Amino acid sequence: MSISDLIQKWSGINKTSKVLIITDDNQKNIADSIKDEKIYNVQIEYFTKKNEFFDLLKSLKSSDLVMVLLSIDTYMKSGVNEYFTAFGKPDWVMAKYIFIRLDISKESLLQGLSTDKEIVYSKIEEMNRFDSEKTITVTSESGTDISFRTCPFTTCSHEITANGGIAFLPPSETSSEVIADTANGKIVVDMTVGQLYHFGKLIGNFGLVSNPVTITVQNGFIVDIEGDNMAVEFKKSLFNLPIECRKIVELGQGLSKMEPVGLIGVDESIIDSCHFGFGDGWKCGTHLDVVIKNPTIKQI
């Protein structure tokens, strides 16, 4: 199936729907691949013609579609993030609204959108069965063995089933907050260590691991990181930040069938993986995710 067909699968647009794509030079190749006579590509330079663009947006009906398809750099620096967010749309937009994962490649987008809906909903239902009063254990063949308690799992909308609805695509994750001070054990990262930012400044740029990175957690905080050169640099960068940046705050389960690429937004969304988040970004300026393959997640 083409990306255009797959977008229709998740959005429910029909033959009479108009589709407006907000894109930039980095992602325009994807936008162009789904363009047809009813699709308008609007480059990010629309800010030079705001009135004309906003009039177009306001003219769209609830059965039409607005899709945001941008790179991280453009989204953060252009000002578009003041108008269009990942999990909400402006009140004055009546059309359906899809926000596509920033910086995603055409290949990853195709893979994610091709995921069977039943697989997505089955995984969400599976994680929703966990009782927040009980302890969760996560183990893996690579050596992960950690336990903790969580809050209930939640997820955002990944399919538009009614006019005017919103969705984040491709299907990303269902996740839960890890209850403070309850986590103890080891996380053996065998897929991806995410980028490390501190109040918007890039501190460490990691990605796919060549060799496992072992993270030791005691009473909810990272106390050691072991492994090869990536692990050494990861530990040095993280341990130079306040201790709150080492606090485990999230367990997430991916929802899309995609291949790992080293981009944390894609890799944490892979359905046969789970990820752990460290640092409450709003409070300490940092949120970093690490991803492991083929976890076994149980309650005891």
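Residues numbered from 1 in each chain as written. Predicted model: local features only at pLDDT ≥ 70, side-chain atom pairs only at ≥ 80, totals over all residues. Heavy atoms only, no water.

Examining the pairing of strand β13 (residues 201-204)
Right, so step 1: With 3 bridges connecting them, strand β12 (residues 196-198) and β13 associate as antiparallel partners. Across the sheet, Tyr-197 pairs through a bridge with Leu-202, a residue of β13.
Right, so step 2: Taking the residues between adjacent antiparallel strands as the criterion, β12 and β13 are bridged by 2 residues, where Phe-199 takes a positive phi near 50°. (Pairing = 2+ DSSP bridges. Helix = DSSP H or I, 4+ residues; strand = E, 2+ residues; numbered from the N terminus.)

Structural notes on helix α6 (residues 117-128)
Right, so step 1: Compared with an ideal rise of 1.5 Å per residue, which puts 12 residues at 16 Å, α6 spans 17 Å between its outermost C-alpha atoms and is within 8% of the ideal.
Right, so step 2: Where α6 is concerned, the buried positions are Val-120, Lys-123, Ile-124 and Met-127. All buried residues of α6 lie within an arc of 100° about the axis, which places them on one face of the element.
Right, so step 3: Those residues of α6 that are buried are in contact with α1 (3-11), β7 (154-155), β9 (173-177), β17 (248-254) and β20 (296-299). (Expected span 1.5 Å × (residues − 1). Buried < 20%, exposed > 50% of the residue type's maximum accessible area, 1.4 Å probe, protein only. Arc of directions from axis to C-beta. Contact = heavy atoms within 4.5 Å.)

Examining the sheet that holds strand β5 (residues 135-139)
Right, so step 1: Spatially, the 6 strands line up as an open sheet ordered β16-β15-β10-β6-β5-β20, and their pairing is antiparallel. A strand with exactly one partner marks an edge of an open sheet, and here the two such strands are β16 (221-226) and β20. Taking the axes of each pair of neighbouring strands and ignoring which way they run, one obtains an average angle of 30° across the sheet.
Right, so step 2: Bridge count between β5 and strand β6 (residues 145-149): 5 bridges; the pairing is antiparallel. Pairing of Thr-135 across the sheet is with Arg-149, part of β6.
Right, so step 3: In the packing of helix α7 (residues 229-239) onto the sheet, contacts are made with β15 (213-218) and β16, and the angle to β16 comes to roughly 150°. (Axes fitted to C-alpha atoms, helices over the stretch in contact; angles between N-to-C directions.)

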